[in-house]
Amino acid sequence: MIKLTRLDGEAFVLNAELIRYVERRGDTFVTLTNGERLAVKETMDEVVDRSIAYQQRKHFLPPMPAVLQSAPTDSIPHTTS
């Protein structure tokens, strides 16, 4: 999911998996796989960069276990071999 902004200033989150292509025609338009077109404030490069970052996070970073998400780092138990 990537955060974008409509031309009226309203922020929204888009499933980046649905992006078919992005184009600049004065404004930036994101065309989805279902044919829907969205006009956004972000530049074409910003949309592409956010989409790439999303894909990188999705494929390379494993989800953090819930127990570690809220624990302070100094309280995480360390194991020794």
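Everything here concerns the structure above.
Now for a look at the structure at hand. Nothing here was measured: the structure is a model prediction, and the numbers come from that model.

What counts, and where the lines are drawn
Residues numbered from 1 in each chain as written. Predicted model: local features only at pLDDT ≥ 70, side-chain atom pairs only at ≥ 80, totals over all residues. Heavy atoms only, no water. Helix = DSSP H or I, 4+ residues; strand = E, 2+ residues; numbered from the N terminus. Expected span 1.5 Å × (residues − 1). Buried < 20%, exposed > 50% of the residue type's maximum accessible area, 1.4 Å probe, protein only. Arc of directions from axis to C-beta. Core = buried A, V, L, I, M, F, W, Y, C linked by side-chain atoms within 4.5 Å. Contact = heavy atoms within 4.5 Å. Pairing = 2+ DSSP bridges. Phe/Tyr/Trp six-rings, centres within 6.5 Å; stacked < 30°, edge-to-face > 60°. Lys NZ or Arg CZ within 6 Å of the ring centre and 35° of its normal. Axes fitted to C-alpha atoms, helices over the stretch in contact; angles between N-to-C directions.

Section: helix 1 (residues 44-60)
Compared with the 24 Å implied by 1.5 Å per residue over 17 residues, the 24 Å span of helix 1 between its first and last C-alpha is a close match. Residues of helix 1 that are buried include every one of Val47, Ser51 and Tyr54, and no others. Projected down its long axis, helix 1 shows its buried positions confined to an angular sector of 60 degrees, all on one face. Facing away from the buried side of helix 1, by more than 90 degrees, are the exposed residues Asp45 and Phe60.

Remarks on the nonpolar core
Ranked by internal contacts, the top residues of the largest apolar core, which has 13 residues, are Ile2, Leu4, Leu14, Ile19, Val30 and Val47. If you list the elements that add at least two residues to this core, you get strand 1 (2-5), strand 2 (11-14), strand 3 (19-25), strand 4 (27-32), strand 5 (37-40) and helix 1. Leaving out residues up to four positions away in the same chain, Leu14 has contacts with Met1, Ile2, Leu4, Ile19, Val30, Leu32 and Leu38.

A word on the pairing of strand 5
Burial along strand 5 is one-sided: Leu38 and Val40 are buried, and none of Arg37 and Ala39, which face the opposite way, are. With four bridges connecting them, strand 4 and strand 5 associate as antiparallel partners. Of the residues in strand 5, the one forming a bridge with Thr28 is Val40. Counted along the chain from strand 4 to the antiparallel partner strand 5, the turn is four residues long, and its residue Gly35 has a positive phi close to 95 degrees.

So, the packing of aromatic side chains
For the structure on display, the rule yields zero aromatic pairs. Across from the ring centre of Phe12, 4.4 Å away, lies the NZ or CZ of Arg6, which sits over that ring. The lysine or arginine in question, Arg37, covers the ring of Phe29, its NZ or CZ lying 4.4 Å from the ring centre.

As for the sheet that holds strand 4
Strand order across the open sheet formed by three strands is 3-4-5, with antiparallel pairing between neighbours. Strand pairing shows two members of the sheet lacking a second neighbour, strand 3 and strand 5, which therefore form its edges. Recorded for the sheet is a direction-independent mean angle of 25 degrees between the axes of neighbouring strands. The pairing of strand 3 with strand 4 spans six bridges and is classified as antiparallel. The residue bridging Glu23 from the neighbouring strand is Phe29, located in strand 4. Helix 1 contacts strand 3, strand 4 and strand 5 of the sheet and is inclined by roughly 160 degrees relative to strand 3.

None of the figures reported here should be taken as evidence of function without further support.
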